[in-house]
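Close look at the chain arrangement
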Amino acid sequence: MPSFWEKIQVEDREMDLYASVPSGAGPFPAVVVAHPASGVGEFTQSIADRLAAEGYAAVAPNRFHRIPEEAIASRTAGQYLNDPETVLDMNATVDFVRTHPAIDGERIGIIGFCSGGRIAWLSAATNPYYRAVVPFYGGNIMATIGSATQSPFELAEGINCPMLFHFGEIDDNPSQEDMRKLGAELTRLGKEHRFITHPGAGHAFLDQTGNRYHEGAATAAWPQTVEFLAEQLKSN
């Protein structure tokens, strides 16, 4: 199962991305991985590797490529983010995936964690090529960031693929009240979605590298995610 770093072009800039792919020639279905505040670090790379082990070409773009290194190290990168730039980054990643000879460009999903869960929702709402979206505890979906004039929540009409959203029961962002508001909006719009609340879990419960890891929730959520992705990206 090979993994490697690649550089792709986003307008006049280069952006790094981590890729992990199954052994063999493909073409494989693909999953874009939207990283949390820790960037494309140990956790994000482990997710890409786990997806590759399930038969997906997984790519994790570094959406912090415009941000000073010291801000990333101090976990203050969020103040530099801008939704329109993030959309450009994620769309460039999809363009790379769709044209890669080892990837089936018609079978692309996206998964994201923490702030990356918000980006997974935003990406699905602004790019028509996704066939599945899996946000994990994505907060601030009802907020705009940077120069954006609409929040991901307000752009939900653009989501045209099934969603599986994982929530921690005791998380406060997204809270259970946030979950109800998000679900009500997707229902109103007729968007296919399934929300799962994991008992006793807080934010970042899947991250085995952090101190908020919740074994019970993580053990349940990953097989649910693998099954969902297989249904959307490997069947028919």
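Predicted model, so just to flag it, every value in this text is computed and none were measured.

About the thresholds
- Residues numbered from 1 in each chain as written.
- Predicted model: local features only at pLDDT ≥ 70, side-chain atom pairs only at ≥ 80, totals over all residues.
- Heavy atoms only, no water.
- Helix = DSSP H or I, 4+ residues; strand = E, 2+ residues; numbered from the N terminus.
- Buried < 20%, exposed > 50% of the residue type's maximum accessible area, 1.4 Å probe, protein only.
- Lys, Arg positive; Asp, Glu negative; His and termini not counted.
- Salt bridge = Lys/Arg side-chain N within 4 Å of Asp/Glu carboxyl O.
- Contact = heavy atoms within 4.5 Å.
- Core = buried A, V, L, I, M, F, W, Y, C linked by side-chain atoms within 4.5 Å.
- Pairing = 2+ DSSP bridges.
- Axes fitted to C-alpha atoms, helices over the stretch in contact; angles between N-to-C directions.

Comments concerning the side chain of Arg63
- Considering the arrangement of structural elements, one finds Arg63 in the loop between β4 (57-61) and α2 (69-73).
- Despite its burial, Arg63 pairs with no opposite charge, the nearest such side chain being Asp83 at 7.4 Å.
- If we skip the residues at most four places from it in the chain, Arg63 touches His35, Pro36, Leu81, Thr86, Asp89, Ser115, Gly116 and Ile119.

Regarding the nonpolar core
- Trp121 and Ile159 are the most contacted members of the largest nonpolar core, which totals 41 residues.
- Setting aside chain neighbours within four positions, we find Ile159 in contact with Trp121, Ala124, Ala125, Leu186 and Lys191.

Here we look at the sheet that holds strand β8 (residues 193-198)
- On the basis of which strands lie adjacent, the open sheet formed by eight strands has the order β1-β2-β4-β3-β5-β6-β7-β8 and mixed pairing. Here the strands that pair on one side only, and so sit at the sheet edges, are β1 (3-10) and β8. Across the sheet, the axes of successive neighbouring strands diverge by a mean angle of 20°, strand direction being ignored.
- Note: strand β7 (residues 163-168) against β8, six bridges, orientation parallel. Counterpart to Phe167 in the pairing with β8 is Thr197.
- Strands β3 (28-34), β5 (103-113), β6 (130-136) and β7 of the sheet are contacted by helix α4 (residues 115-126), whose axis makes an angle of about 140° with β5.
- The sheet strands contacting helix α5 (residues 176-188) are β7 and β8, and the helix crosses β8 at an angle near 170°.

Side note on the pattern of salt bridges
- Applying the stated criterion across every chain yields a total of nine salt bridges.
- We note a salt bridge from Lys7 to Asp16, for which the minimum N-O separation is 2.7 Å.
- Here Lys7 falls in the partly exposed class, since its relative accessible area comes to 48%.
- Of the residues examined, Asp16 reaches a relative accessible area of 27% and is grouped as partly exposed.
- A network of salt bridges, in which partner residues are shared, links Arg66, Glu85 and Asp89.

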